[in-house]
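Single-letter residue listing:
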Amino acid sequence: MLELFPEGFEEVEHDGDLELAAYTDAGGEERFWHAFGPGAAADVEEGWEQAWKRFHRPVRVGPLWLGPPWETPRPETVAVVIDPGRAFGTGAHATTRLCLELLLERERTSVVDVGCGSGVLAIAAAKLGFEPIRAVDLDPDAVEATSRNALANDVIVDVSRLDAFEEQLPEAALALLNVTGEAVERIAGRLSSGELVASGYLAAEHPSPAGWARRDRREAEGWAADLYRRTK
């Protein structure tokens, strides 16, 4: 599929099976059938190129409104407007919301967002009065997206490309890690922060980074976020 449709294709699960669908013309349909044998073909609705936008809906977390630029923020909220492109989210996932719940209760200090993605956490922190804000990610697309979204939200976020497993991490009083449980345990020991808000893993997981103690936990939709404080 990657060779036949390098511009991309869709994966959809059906009762344990995986369906692959390519959006193409008659020539592409012929290539598909030649490679895989007969398959199903159907016309798609006009405007399918923008259909992905319907999956990005705004959410509220306390005073925060998080959503894409084609939605209108509520006037009484603190708006965090995130353009996800086609590779990132806008903050609707449970792990992001749980991180923000814990962030809202923290003292307004300096922040480093490790694995910043589209910049949701870093930009929300800036909107809430945390400063200075550093954001790092190994993915250059994430660095570009966070920089672009910070500019669109009129906040200052120092964004850079960095390998959190190998390179020295920026200093900050509070660290944000919305990654995986394994990555939390590997990266936490490399932080200089006194507090850590971590997520990106299932509620059944309980990361135990060395030198940190869990002080709070939030769960939603089978996911979890934890607040850690340094013990040594």
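Residues numbered from 1 in each chain as written. Predicted model: local features only at pLDDT ≥ 70, side-chain atom pairs only at ≥ 80, totals over all residues. Heavy atoms only, no water.

Within the structure shown, the criterion is met by one aromatic pair. Summarising the aromatic geometry, the rings of phenylalanine 32 and phenylalanine 36 are spaced 5.1 Å apart at their centres and angled 50 degrees between planes, so their arrangement reads as tilted. Within this pair, phenylalanine 32 and its partner phenylalanine 36 are both found in helix H1 (residues 26-36), separated by four residues, close to a single helical turn. Overall, phenylalanine 32 belongs to the buried group, its relative accessible area being 19%. We note arginine 186 situated over the ring of phenylalanine 165; from NZ or CZ to the ring centre the distance is 3.9 Å. (Phe/Tyr/Trp six-rings, centres within 6.5 Å; stacked < 30°, edge-to-face > 60°. Helix = DSSP H or I, 4+ residues; strand = E, 2+ residues; numbered from the N terminus. Buried < 20%, exposed > 50% of the residue type's maximum accessible area, 1.4 Å probe, protein only. Lys NZ or Arg CZ within 6 Å of the ring centre and 35° of its normal.)

On to the sheet that holds strand E7 (residues 133-137), then. With mixed pairing, seven strands are arranged side by side in an open sheet as E8-E7-E6-E9-E10-E12-E11. Both outer strands of the open sheet, strand E8 (158-161) and strand E11 (212-220), are each paired with one neighbouring strand and no more. Strand-to-strand twist in this sheet, taken as the mean axis angle between neighbours without regard to direction, amounts to 15 degrees. In this sheet, strand E12 (residues 223-230) lies alongside E11 in antiparallel orientation, the contact comprising eight bridges. In the strand pairing of E12, tryptophan 212 is matched with arginine 230. (Pairing = 2+ DSSP bridges. Axes fitted to C-alpha atoms, helices over the stretch in contact; angles between N-to-C directions.)

Note that glycine 39 resides in the loop between H1 and strand E3 (59-61). In this structure glycine 39 touches Phe32 and Trp33, once residues within four positions along its chain are discounted. (Contact = heavy atoms within 4.5 Å.)

Relative to strand E2 (residues 17-21), strand E1 (residues 10-14) is paired through five bridges, and the arrangement is antiparallel. Its bridge partner lying in E2, glutamate 13 is registered against leucine 18.

From the geometry alone we can't say anything about function, so treat these as descriptive.
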